[in-house]
Amino acid sequence: MKRFENKVALISGAAAGIGRATAERLASEGASVFIVDIELAGLEESAQRIAHAGGAVQHARCDVSDEQQIRDTVQRCVAHFGRLDALCNIAGVLLLEHFEKITAKEFRRVLDINLTGTFLMCQAAMPHLLASGGNIVNMSSTSALAGMPYGAAYGTSKGGVSALTRTLAVEYAKQGVRVNAINPGSIKTAMGSGDNLPENPDMKLVMRAMPLDRARDPEVIAAVVALLASDDGAHINGTEIRVDGGTLS
């Protein structure tokens, strides 16, 4: 399928994991992709992989908690490719910690990257998406839908992403811009590994977040991003798609 021919997608968090898988998937379907991340080495590897496969790609380091960097990045994308059709907000950080041990600084950092970063990317990209009749795919989480032990900061940030998604979908629907979100469950990424668990976790609580089948590769999320960002998702707006192997069922 070439659902993204003559389309341009801006993808954050593309140095690895879901962001990289999404960039590769959209590029394989014909999109010109502008990929960003704060981790430059991984970002350059992603760009090389896409270019080697024949995709059109440009990359730039961007800290999504920095408003000016975001605005500069969006302008660079449009200046290079001439338009913007899809914004995929995938950059994020995970903090798993006992609630009473989370510092205010740590809490603010998670919100700055996961929630405020998504807000700023949407705001900077919106004029260009209005011009193209484009769309936004935000990355929420199952932690936005149900309690996630040790995830007070993360779940709060993703709950905000979900609310922002619904608000923008309603506000811009009549102007031709769709906004949706995905709620991944257990996905095989560095961020989602067991290495991020806090000290002495209650494993019975942790097991509540385990999928009914098994953890999946990031490509399963990239496939859903491709659906939502393409014309196949033309009548999907303001929704969240849960991709969690039945965890919350």
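First, a word on what this report is: a plain description of the structure on this page.

Criteria and thresholds
Residues numbered from 1 in each chain as written. Predicted model: local features only at pLDDT ≥ 70, side-chain atom pairs only at ≥ 80, totals over all residues. Heavy atoms only, no water. Helix = DSSP H or I, 4+ residues; strand = E, 2+ residues; numbered from the N terminus. Expected span 1.5 Å × (residues − 1). Buried < 20%, exposed > 50% of the residue type's maximum accessible area, 1.4 Å probe, protein only. Arc of directions from axis to C-beta. Contact = heavy atoms within 4.5 Å. Polar contact = N/O pair within 3.5 Å; in protein donor to acceptor, adjacent residues only side chain to side chain. 1 Å grid on protein atoms, 1.4 Å probe; cavity = no way out; pocket = protein on both sides within 12 Å on 5 of 7 lines; lining within 4 Å. Points joined across faces, edges and corners; volume = space filled by probe spheres on them. Nonpolar A, V, L, I, M, F, W, Y, C, P; charged D, E, K, R; others polar.

A word on helix α3 (residues 67–81). Between the first and last C-alpha of α3 there are 22 Å, a value that for 15 residues agrees with the 21 Å anticipated at 1.5 Å per step. When α3 is considered as a whole, its buried residues turn out to be I70, T73, V74, C77 and V78. One side of α3 carries all its buried residues, which in axial view fall inside an arc of 125°. Structurally, α3 contributes buried residues whose contacts are with β1 (8–12), β2 (32–37), β3 (56–61) and α4 (104–132). Its side-chain oxygen 3.1 Å from the backbone nitrogen of Q68, D66 forms the N-cap of α3.

So, on to the layout of surface pockets. One number sums up the size of the second largest pocket: a volume of about 190 Å³. Forming the walls of the second largest pocket are 17 residues, and the residues nearest its centre are K7, G133, N135, A229 and D231. Residue composition of the lining of the second largest pocket, by class: six nonpolar, six polar and five charged.

This paragraph deals with empty space enclosed by the protein. Enumeration over the complete set of coordinates arrives at one cavity of 30 Å³ or more. Considered as a void within the structure, the largest cavity measures approximately 30 Å³ in volume. A total of four residues in the lining of the largest cavity trace back to one element, the largest contributor, which is α4. Its residues assigned to classes, the lining of the largest cavity shows five nonpolar, four polar and no charged.

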